[in-house]
Amino acid sequence: MEEASKIKMPRVKLGSQGLEVSRLGFGCGGLSGIYNSPLPHEDGISVIKHAFDRGVTFFDTSDIYGPNNDNEFIVGKALKQLPRENIQLATKFGIVKIDEAKMVINGTPEYVRKCCEASLMRLGVSYIDLYYQHRVDISVPIEDTMGELKKLVEEGKIKYIGLSEASPDTIRRAHTVHPITAVQIEWSLWTRDIEKEIIPLCRELGIGIVSYSPLGRGFFAGKAVVESLPAESLLVYHPRFSGDNLEKNKLLYLRVASLAAKHGCTPPQLALAWVLHQGEDVVPLPGTTKIRNLDDNIGTLMVKLSEEDLQELSDAVPSDMVSGTRDYDLISQVTWKNADTPAKNVQA
């Protein structure tokens, strides 16, 4: 596989409002400790800068990532060492952590503005390229939330509006208030429930699709299969990584690994290539804390799959063979207030 340093990163249009991003984005949340121990800020900054040097310009964070908004601070520090005009910065609002046992979804206009201004300060920027509602608040009409986001666009504080894990009805209603540029949602070989309604709707409306956890939360990179999970990892609470479910799902990993050998790439590269081949309107957000994994992810751009290859890969991981739900067991023990459906999964 060609070295990442020699690969020219393609650029694609995300949505139909003019936003252009790198073909691969970078999910920054893991730098603050979601699946592993958090990195020291300087190490996290080095990973972001390396990604930029390799052509990644689309960086995704959220005000809920890390303790005390830690992730936005890391991203902000990195941005000070990079040309802001060449970066497409995405962050999110909407999840309020009350304590370890309670999450509240807040989409009131007042909260939208408060969050945006706080994120601008932490990130040290004058505008956010793509601002997502991280989870939809069903106690507030989406038209009210979108109305305030529209004002923020008009004021130049954000450029484009996105939704994360929103239902089809919410997406359609929101889009009538102001065009939605992107919907961020989990999409990978083993999470494909969005293919029936969400994907066709986005394409009907000209909305870009941002895939988070495109490697199945690291499963197709070997987490819990060829390497043990760190004790502090949230994945120990994930049904697909636990007990009998994990033993059954290992078969799916082995199938992908066998096909990867056939294509001369690694299992995570093949799984990521599957997402990339779903369309030019799909931008995956693989995240990592390791430079070598980042380079391997970029190397995925050299993996070419035919329609027959894609079907073979899809057939190797049929949805009805995936054991366990995509929501954390931990989340089922947390009280969620005002959350849209599907809206439980906090790690987007």
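Counting starts from 1 at the beginning of each chain's written sequence and moves along it residue by residue. In view of the model being predicted, local features appear only for residues whose pLDDT reaches at least 70, and side-chain atom pairs are presented and counted only at 80 or more, with totals across whole chains, interfaces and linings using the full set of residues. Water and hydrogen atoms were dropped before computing side-chain values, which therefore reflect all heavy atoms in the structure.

S.K.: Help me understand the overall build of the chain in this model?
M.R.: The way it works is that DSSP assigns letters per residue, a run of H or I at least four long becomes a helix, a run of E at least two long becomes a strand, and they are numbered from the N terminus. Secondary structure summary: the chain contains 11 helices and 13 strands in total. Taken over C-alpha atoms, the radius of gyration comes to 19 Å for the chain, in line with the 20 Å a tight globule of 348 residues would show. A 1.4 Å probe rolled over the protein chains alone gives each residue an accessible area, and that area as a share of the maximum for its type sets the label: buried under 20%, exposed over 50%, partly exposed in between. A burial count over the chain gives 57% of its 348 residues as buried. In what follows, a contact means two residues having at least one pair of non-hydrogen atoms within 4.5 Å. For the chain, the proportion of contacts with a sequence separation of at least 24, taken over those separated by at least 6, is 77%. Residue burial considers only the protein chains on display, and all accessible areas are found by Shrake-Rupley using a 1.4 Å probe. Looking at the chain as shown, the accessible area adds up to about 13900 Å², and 51% of this sits on carbon and sulfur atoms. Taken together, the 39 basic and 46 acidic charged side chains of the chain have centroids lying 2 Å from each other. The quantity called the radius of gyration is restricted to C-alpha atoms. Its globule counterpart is 2.2 Å times the number of residues to the power 0.38. Neither His nor the chain termini are counted; the positive set is Lys and Arg, and the negative set is Asp and Glu. Lysine's charge is taken at NZ, arginine's at CZ, aspartate's at CG and glutamate's at CD.

S.K.: Teacher, can you tell me more about unusual backbone geometry here?
M.R.: Among all residues except glycine, the phi angle is most often negative; among peptide bonds, the trans geometry is most common. The backbone of Asn69 sits at a positive phi, close to 60°, despite the residue not being glycine. In the Ramachandran plot, Glu165 falls in the positive-phi region, its phi being about 50° despite a non-glycine side chain. Mapped onto the fold, Glu165 is located in the loop between β9 (158-164) and α5 (168-177).

S.K.: What should I look at first to understand the pattern of salt bridges in this one?
M.R.: Where charged atoms of side chains with opposite charge meet at close range, the side chains can pair. Here a salt bridge means any side-chain nitrogen of Lys or Arg lying within 4 Å of a carboxyl oxygen belonging to Asp or Glu. Enumeration over the complete set of coordinates arrives at 23 salt bridges. Here Arg173 ties to Glu143 by a salt bridge, and the two come within 2.8 Å at their closest N and O atoms. Here Glu143 lies in helix α4 (residues 142-154) and Arg173 lies in helix α5, a separation of 30 residues in the sequence. Residue classification places Arg173 among the partly exposed residues on the basis of a relative accessible area of 31%.

S.K.: Looking at this structure, I do not really get empty space enclosed by the protein. What am I missing?
M.R.: Think of a ball as big as a water molecule: rolled over the atoms, this probe shows where empty space is left. Site definitions follow a grid-based scheme: protein atoms alone, a 1 Å grid, a 1.4 Å probe that fits but cannot get out for cavities, and for pockets an open set with protein on both sides within 12 Å along at least five of seven lines, plus lining residues having an atom within 4 Å of a point. Grid points are joined across faces, edges and corners, and a volume is the space filled by probe spheres set on the points. Using the criterion set out here, one finds one cavity of 30 Å³ or more in the structure. If you add up the space inside the largest cavity, you get close to 40 Å³. Counting residues per element, the lining of the largest cavity draws most heavily on helix α9 (residues 291-299), at three residues. Lys, Arg, Asp and Glu make up the charged group, whereas Ala, Val, Leu, Ile, Met, Phe, Trp, Tyr, Cys and Pro make up the nonpolar group; the residues left over, Gly among them, are polar. Among the residues forming the lining of the largest cavity, the class breakdown is six nonpolar, two polar and no charged.

S.K.: Where do I start with the packing of aromatic side chains in this structure?
M.R.: The geometry of two aromatic rings is summed up by the distance between their centres and the angle between their planes. Under the pairing criterion, centres of Phe, Tyr and Trp rings, with the six-membered ring standing for Trp, must be within 6.5 Å; the plane angle then separates stacked pairs below 30 degrees from edge-to-face pairs above 60, leaving the rest tilted. Tallied over the entire structure, the rule returns nine aromatic pairs. Residues Trp190 and Phe241 carry aromatic rings whose centres are separated by 5.8 Å and whose planes lie at 90° to one another, so their mutual orientation is edge-to-face. Pair noted here: Trp190 is in the loop between β10 (182-186) and α6 (198-205) and Phe241 is in the loop between β11 (208-212) and α7 (243-263), with a separation of 51 residues, a long-range link. Look at Trp190 and you get buried, because its relative accessible area is 4%.

S.K.: It is not clear to me how the nonpolar core should be interpreted in this structure. Could you clarify?
M.R.: It is characteristic of soluble globular proteins that their nonpolar side chains tend to be buried jointly. The biggest cluster of nonpolar side chains holds 95 residues, and the ones touching the most others in it are Ile48, Phe59, Leu149, Ile158, Ile171 and Val317. The leading source of residues in this core is helix α8 (residues 267-276), at seven residues. Among all residues touching Ile48, those that are not within four sequence positions of it are Cys28, Leu31, Phe59, Ile74, Val75, Ala78 and Leu82. In plain words, nonpolar cores are sets of buried Ala, Val, Leu, Ile, Met, Phe, Trp, Tyr and Cys residues tied together by side-chain atoms within 4.5 Å. Counting 13 residues, the second-largest nonpolar core is a separate cluster that includes Leu14, Val21, Ala90 and Tyr132.

S.K.: How should I be thinking about helix α10 (residues 307-316) in this particular structure?
M.R.: One turn of an α-helix holds 3.6 residues; hence residues three or four places apart share an orientation. Regarding α10, the residues found buried are Asp309, Leu310, Leu313, Ser314 and Ala316. Buried residues of α10 fall within an arc of 160° about the axis and therefore sit on the same side. Set apart from the buried face of α10 by more than 90 degrees, the exposed residues are Glu307 and Glu308. Tucked into the core, α10 has its buried residues touching α7 and α8. The directions considered for the arc run from the helix axis to the C-beta atoms.

S.K.: Can you help me understand the sheet that holds strand β8 (residues 128-133) in this one?
M.R.: Strand order in the open sheet formed by eight strands is β3-β4-β5-β8-β9-β10-β11-β12, with parallel pairing between adjacent strands. If you trace the sheet from one side to the other, it starts and ends with β3 (26-27) and β12 (282-285), each paired once. Note on pairing: DSSP must find at least two bridges between two strands before they are called paired. Pairing of β9 with β10, which is carried by three bridges, proceeds in the parallel orientation. Paired with Gly162 across the strands is Ala182, a residue of β10. Axis definition: a line fit to C-alpha positions, over the contact stretch in the case of helices; interaxial angles, taken between N-to-C directions, run 0 to 180 degrees. The sheet strands contacting helix α3 (residues 109-123) are β5 (88-93), β8 and β9, and the helix crosses β8 at an angle near 140°.

S.K.: Could you clarify how one ought to interpret α7 in this entry?
M.R.: Given the number of residues in a helix, its expected span is that number minus one, multiplied by 1.5 Å. Between its first and last C-alpha atoms α7 spans 31 Å; for 21 residues at 1.5 Å apiece the expected length is 30 Å, and the two agree. Positive phi shows up at Gly264, right after α7, with a value of about 70°.

S.K.: Where do I start with the environment of Val136 in this structure?
M.R.: Examined against the element boundaries, Val136 turns out to sit in the loop between β8 and α4. Judged by its relative accessible area of 3%, Val136 falls in the buried class. For the pair Val136 and Ile95, spaced 41 residues apart in sequence, the C-alpha to C-alpha distance is 9.0 Å.

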